[in-house]
Every structure is written in C-alpha cells, then in structure tokens.
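If you want the building blocks of each chain, they are given just below.
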Amino acid sequence: MKHRGQFTRSERSARSQLAKLVHEQPLLCGSLVSLHRVCGKEGCKCGRGELHPGLCVALRVGEKRKMIYVPQALEATARRWVNTYQKAWYLMEEISRASLDRFLKGKEKVREARKAKTEERRSHG
Ligand SMILES: [Zn+2]
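Residues numbered from 1 in each chain as written. Predicted model: local features only at pLDDT ≥ 70, side-chain atom pairs only at ≥ 80, totals over all residues. Heavy atoms only, no water.

Peer 1: Could you give an account of helix α1 (residues 9-24), with specific residues and numbers?
Peer 2: Under the 1.5 Å per step criterion, the end-to-end length of α1 is 22 Å for 16 residues, consistent within 8% with the ideal 22 Å. Along α1, the residues that are buried comprise Glu 11, Ala 14, Leu 18 and Leu 21. On an axial view of α1, the arc spanned by its buried residues comes to 95°, and they lie on one face. Among the exposed residues of α1, those pointing more than 90 degrees away from its buried face are Arg 9 and His 23. In this structure, the buried residues of α1 make contact with α2 (75-124). (Helix = DSSP H or I, 4+ residues; strand = E, 2+ residues; numbered from the N terminus. Expected span 1.5 Å × (residues − 1). Buried < 20%, exposed > 50% of the residue type's maximum accessible area, 1.4 Å probe, protein only. Arc of directions from axis to C-beta. Contact = heavy atoms within 4.5 Å.)

See below:
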C-alpha cells in the first residue's frame, strides 16, 4: 500500500497491534472496582459486618455511568476484557501522538506557504 510509507515503524506497529486486538478480542471500556458488599441472606456473616469481597466494572453505557457486579466465575473474563481496552487505549494514544506530529508539520507547511504568498504579494506590490 502506497500510503504506508508515511508511518514510522513504531506507529505502524501500534496500528497493527490495535487492529489485531479489536479484531480478535472482546473489550470493556471501563475500570474494575473492588468492593465489599452485603448479600442480604438472613443469618449470613455479612449481617454481622463480615462483608463479601466483590468486583464491579464501572463503565458508561451511552450517557449513563454504570456499576456492573461481576460474579466470581466471570472475574477473570472481566479482567481480561478491561485489560484489552486499556491496551487498545495505549495503542490509540501512541497513534495519536504520531498523528499529532504529522498534523503540526502540516500546520507548519500552511504557515510557510502563507508567508511565501505574503512575501510574493509584497514584492509585486
Ligand atoms: Zn452475606
């Protein structure tokens, strides 16, 4: 592909890692929150203050922020999916940094072109 030449090696690597990640893995755009909770069963130790450790995923669904409880059987899954999101986020940041460099170079070019035009006009007028 012709346009690939504009990417540095590290940006190209970030792009292909990101593509592979989002192509192959589920992800949750949230963070994990540990908590201690009361189960509500009568006579349970949590009623006497020995709370149950638990895990939630805090995330936004549309406009709303949600805390979704993670059952123990799904803890590893939740951790993996949130972790995939974090990896994707870091890769996006890397690509954004490289894109910003490119954008600033473009801006510089626009400024130089404008300056050249002004000088040209001055020399004619
Ligand atoms: Zn309990």
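What follows picks up the thread again.
Peer 1: Describe in detail the pairing of strand β2 (residues 52-61), supporting the description with residues and values.
Peer 2: Where a strand is regular, its side chains alternate between the two sheet faces. In this sheet, β2 lies alongside strand β1 (residues 30-37) in antiparallel orientation, the contact comprising 8 bridges. Residue Gly 30 lies in a different strand from β2, and its bridge partner there is Leu 59. Here 7 bridges tie β2 to strand β3 (residues 64-70), and the two strands are oriented antiparallel to one another. By the bridge assignment for β3, Ala 58 is matched with Met 67. In this structure, the hairpin formed by β2 and β3 is closed by a connection of 2 residues, where Gly 62 is found at a positive phi of approximately 65°. (Pairing = 2+ DSSP bridges.)

Peer 1: Could you give me a rundown of the side chain of Thr 84, with the residues and numbers involved?
Peer 2: One can find Thr 84 in helix α2. With near-sequence residues (within four places) excluded, Thr 84 lies in contact with Leu 21, Gln 25, Pro 26 and Leu 27.

Peer 1: Outline the sheet that holds β3, listing residues and values.
Peer 2: Read across the open sheet, the 3 strands follow the order β1-β2-β3; overall the sheet is antiparallel. Across the chains shown, the open sheet's two edge strands, defined by having one partner strand only, are β1 and β3. Within the sheet, the average angular offset between the axes of one strand and its neighbour, ignoring direction, is 30°. In the packing of α2 onto the sheet, the strands contacted are β1, β2 and β3, and the crossing angle to β1 comes to about 145°. (Axes fitted to C-alpha atoms, helices over the stretch in contact; angles between N-to-C directions.)

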